[in-house]
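Spelled out from the first residue to the last, the chains are:
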Amino acid sequence: MPPELQMLAASAFPLSALATQMAQGFEGYFVTIPDDPAAFAARARAEQIDLSASLVATLDGEPVGQALIARRGSVSRLAAMSVRPAWRGQGVGAALLDRALADARARGDREMRLEVIEANEGAARLYERRGFRKGVRLAGYEAAGLSGAGQDLREVALSDAEESLWRHSALHLPWQMQPATLSALTAPTRAFRVGEATAWVVATPGALVLRAMVVPEAARRRGQGRALLSALAHAFPDVKLVVPAIVPEPLVDGFLRACGFTQTPLAQWEMTCPLP
């Protein structure tokens, strides 16, 4: 760790500066993040990112790295950690992680979670050295050219869609798919339903991003999930249906492949560190 490195609470910075820091820290990474303060604020709101617990690493007053910490109850999550390209490989990321873990222990948190891109082996090794262990693999999927039928698709208010979520709160789901996250989503997210199956989607140029889909247990194996995907393909023609790499592979792989989806190259590992 560079001796001049200082850690500041992210709450000391305006959202616009934090968004810029994040975009700079992800330059040249496996995924890039746009410099978009509104998107940064929406993510912080939905994922319960605590800016007073989040960290900005500075050298001579210049931000060089960032660790965003989300919190729910006694569980915290490293929602994102980034280091500006010129400062990578110099211990900044390790210093951010060590401070985040120390702060979580001081708060009395029982565990910290994170997701790491599967191809980022260096980061995974760092996390494992600090006590994190791999859990479920999170996969992404996409489908293009699906035939669709518009039967009974109806848009519902996001507030009305919430009723489908909490029935599944007992499932072990990644942070970004937990009911607390999905119920905090706002526009441009929209919710659609066929029968009792509900999907949360975001329309982007060339793609319809399927943020989550819930079929109540009593309504499963009746074709409602497949009918909802078909109706979405009909309602949003000439775009790909995209499932981001935040869904547990064992939970969805068979269903999505049967519906015509293929797995994308990007995948993540969910990792957990107990905090005694």
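Please refer to the structure placed before this passage.
Residues numbered from 1 in each chain as written. Predicted model: local features only at pLDDT ≥ 70, side-chain atom pairs only at ≥ 80, totals over all residues. Heavy atoms only, no water.

(A) How the structure looks around the side chain of Glu47. Residue placement: Glu47 occurs in helix H2 (residues 37-47). A relative accessible area of 4% places Glu47 in the buried class. Not counting the four nearest positions on each side in its chain, Glu47 is found in contact with Ala70, Arg72, Arg77, Ala79, Trp175, Gln176 and Thr181. (Helix = DSSP H or I, 4+ residues; strand = E, 2+ residues; numbered from the N terminus. Buried < 20%, exposed > 50% of the residue type's maximum accessible area, 1.4 Å probe, protein only. Contact = heavy atoms within 4.5 Å.)

(B) Focus on the environment of Ala219. Here Ala219 shows up in the loop between strand S10 (207-214) and helix H7 (224-235). A relative accessible area of 1% means that Ala219 is categorised as buried. Setting aside anything within four residues of it in sequence, one finds Ala219 in contact with Glu196 and Gln224.

(C) Broad picture of the side chain of Thr58. Summarising the element assignment, Thr58 is placed in strand S2 (residues 55-59). Other than its neighbours up to four places away in sequence, Thr58 contacts Glu4, Leu5, Gln6, Leu8, Phe13, Pro63 and Val64.

(D) Inspection of the nonpolar core at higher detail. Judged by nonpolar contacts, the single largest core of 30 residues is most densely connected at Leu78, Met112, Tyr127 and Phe132. Elements with a contribution of two residues or more to this core: strand S1 (5-9), S2, strand S3 (62-72), strand S4 (75-83), helix H3 (92-107), strand S5 (111-117), helix H4 (121-129) and strand S12 (262-274). Broken down by element, this core gets its largest block of residues, 7 residues, from H3. Among the nonpolar cores identified, the runner-up in size contains 29 residues, and Ala143, Met177, Leu210 and Ala233 belong to it. (Core = buried A, V, L, I, M, F, W, Y, C linked by side-chain atoms within 4.5 Å.)

(E) Summary view of the packing of helix H1 (residues 15-25) against H2. At their nearest, the axes of H1 and H2 sit 8 Å apart, and the two run at 95 degrees to each other. Considered as vectors, H1 and H2 are oriented roughly perpendicular to each other. Along the contact surface, H1 presents Leu15, Ser16, Leu18, Ala19 and Met22, while H2 presents Pro37, Phe40, Ala41 and Arg43. Looking at the contact of H1 with H2, its residues break down into 7 nonpolar, 1 polar and 1 charged. (Axes fitted to C-alpha atoms, helices over the stretch in contact; angles between N-to-C directions. Parallel < 35°, antiparallel > 145°, perpendicular 65-115°, else oblique. Nonpolar A, V, L, I, M, F, W, Y, C, P; charged D, E, K, R; others polar.)

(F) A look at the environment of Arg77. Its place among the elements puts Arg77 in strand S4. Distance from Arg77 to Ala144, taken between C-alpha atoms, is 33 Å for residues 67 residues apart in sequence. Separated by 2.7 Å, the side chains of Arg77 and Glu47 make a polar contact. Within polar-contact distance, the side chain of Arg77 engages the side chain of Glu115 at 2.8 Å. (Polar contact = N/O pair within 3.5 Å; in protein donor to acceptor, adjacent residues only side chain to side chain.)

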